Amino acid sequence: MNLELSEEQEAVRRLAEDFVAREVAPHAAAWDRAEEVDRAIVRKLGALGFLGLTIPEEYGGSGGDHLAYCLVTEELGRGDSSVRGIVSVSLGLVAKTVAAWGSEEQKRQWLPRLASGEALGCFGLTEPGTGSDAGNLATRAVRDGDDYLVSGTKMFITNGTWADVVLLFARTGDTPGHRGVSAFLVPTDAPGLTRRAIHGKLGLRGQATAELVLEDVRVPAAAMLGPEGKGFAVAMSALAKGRMSVAAGCVGIAQAALDAAIRYAGEREQFGKPIASYQLVQELISDIAVDVDAARLLTWRVADLIDRGRDFATAASQAKLYASEAAVRAANNALQVFGGYGYIDEYPVGKLLRDARVMTLYEGTSQIQKLIIGRALTGVSAF
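Residues numbered from 1 in each chain as written. Predicted model: local features only at pLDDT ≥ 70, side-chain atom pairs only at ≥ 80, totals over all residues. Heavy atoms only, no water.

Draft legend 1. View of the overall build of the protein chain. A tally of helices and strands in the protein chain yields eleven helices and ten strands. In terms of overall dimensions, the protein chain is globule-like: its C-alpha atoms have a radius of gyration of 21 Å, near the 21 Å expected for 383 residues. Counting only C-alpha atoms and orienting by the principal axes, one finds that the protein chain spans roughly 80 × 45 × 40 Å. Taken over 383 residues, the protein chain has a buried fraction of 54%. Within the structure as shown, the protein chain displays about 16,400 Å² of accessible surface, and the carbon and sulfur contribution to it stands at 52%. Of the charged side chains in the protein chain, 40 are positive and 47 negative; the average position of the first set lies 3 Å away from that of the second. (Helix = DSSP H or I, 4+ residues; strand = E, 2+ residues; numbered from the N terminus. Rg over C-alpha atoms; globule rule 2.2 N^0.38 Å. Buried < 20%, exposed > 50% of the residue type's maximum accessible area, 1.4 Å probe, protein only. Areas by Shrake-Rupley, 256 points an atom, 1.4 Å probe, with all protein chains shown as cover. Lys, Arg positive; Asp, Glu negative; His and termini not counted. Charge placed at Lys NZ, Arg CZ, Asp CG, Glu CD.)

Draft legend 2. Highlighting the pairing of strand β4 (residues 165-171). Across the seven residues that make up β4, a large majority, seven, are buried. Burial along β4 is two-sided: Val-165, Leu-167, Phe-169 and Arg-171 and Val-166, Leu-168 and Ala-170, pointing in opposite directions, are all buried. Bridging between strand β1 (residues 121-124) and β4 involves four bridges; their strand directions are parallel. Among the inter-strand pairings, Phe-123 is bridged to a residue of β4, identified as Leu-167. Bridge analysis of β4 against strand β5 (residues 181-187) gives seven bridges, and the strand direction is antiparallel. The partner of Arg-171 across the bridge, within β5, is Val-181. (Pairing = 2+ DSSP bridges.)

Draft legend 3. Just helix α7 (residues 231-267), in detail. Under the 1.5 Å per step criterion, the end-to-end length of α7 is 53 Å for 37 residues, consistent within 8% with the ideal 54 Å. Counting buried positions along α7 yields 27 of 37 residues, so the element is predominantly enclosed. (Expected span 1.5 Å × (residues − 1).)

Draft legend 4. The arrangement of the layout of surface pockets in detail. Size it by volume and the largest pocket reaches roughly 1,100 Å³. Contributing to the lining of the largest pocket are 41 residues, with Thr-126, Leu-361, Tyr-362, Glu-363 and Gly-364 lying nearest its centre. Mapped by element, the contributors of at least two residues to the lining of the largest pocket are α5 (81-101), β3 (147-158), α7, α10 (349-359) and α11 (366-378). Here the lining of the largest pocket gets five residues from one element, more than from any other, and that element is α7. Per-class residue counts for the lining of the largest pocket are 21 nonpolar, 13 polar and seven charged. Computed from the structure, the second largest pocket encloses a volume of approximately 590 Å³. As for the second largest pocket, its lining consists of 32 residues, and the residues nearest its centre are Ala-25, Gly-79, Arg-263, Tyr-347 and Pro-348. Elements with a contribution of two residues or more to the lining of the second largest pocket: α1 (7-24), α2 (28-34), α4 (66-79), α7 and α10. (1 Å grid on protein atoms, 1.4 Å probe; cavity = no way out; pocket = protein on both sides within 12 Å on 5 of 7 lines; lining within 4 Å. Points joined across faces, edges and corners; volume = space filled by probe spheres on them. Nonpolar A, V, L, I, M, F, W, Y, C, P; charged D, E, K, R; others polar.)

Draft legend 5. Quick look at the pattern of salt bridges. All told, the structure shown has 23 salt bridges when counted by the stated rule. Here the residues in one salt-bridge network are Glu-10, Arg-13, Arg-14, Glu-17, Glu-75 and Arg-78, joined through shared partners. (Salt bridge = Lys/Arg side-chain N within 4 Å of Asp/Glu carboxyl O.)

Structural data, given as structure tokens:
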């Protein structure tokens, strides 16, 4: 793997860096306090092509490789993880999955709108009673002529109150476990589908997170994504690539923590000199720096494997596991550098720590990642 960015990749990274500096970072604290990102950001992300990265140009995408996608996701994560989540879910989990599994009609219907920011997607897998045990979901889709009637509840859905389409997973048969699950593309304005915003979150407070309730929502059979009964495979393929996106966002959080710690340590004086001159402060900063680089390299490896058509699932779990835990350590160490000032939201590190904490939970907890990695290495299931 060549670790030197191409001219095109470097240009994409700079574009994302400039966008974050202008459109994201100045508003991050206010959005966090208000628990709402300015929705105008979606069209701005679309206008720059960030919502269409890796999607073929024939479907309205902006093309590019997965490393470029990681570079953009990292920069967005550095600015505000709530904005990063918009891209990770609508593009990373929904649009990429439509591109991989969709019929020609489904691709033409949804990909140009998702890539431009005209439409936004959300990923309807998690339920009140099923998080890690995704194969045991309770939402049901019952065949009714040329349609399905879908009923159930989805929980903690990123983009949930904003999305125009939900990639929804429901049980279509009596077969227990994951074999009875199918995937559907369901417009969120469908009669019988209601959404409730979830507020009071510890982190990612600006992100539009929702509960979705479906009561006999009529969905055409043509809206099924992939073969019937293969929905779990659809979901797992989406999450495998999604873990790379989360890892890249975590690298952004850790980089932001490093930047803030270095800057503050050079400015803050104690006992007559900058605290950067004290060995134990340097230790905190060096620990963050090592975590940033290690997490970034693990994430770039996943992108390289995907772009070369190699198996990447285990590498994605390794990157997601390490980067999410590293982001928590980095933000916590940065808060220690800031001392008491790190504990108030006038400074950025408290938000970084709150945002980092959920990264170890969603798109597969750290414990689930360890089970995936252990099973891949030993060939023995721990379930």
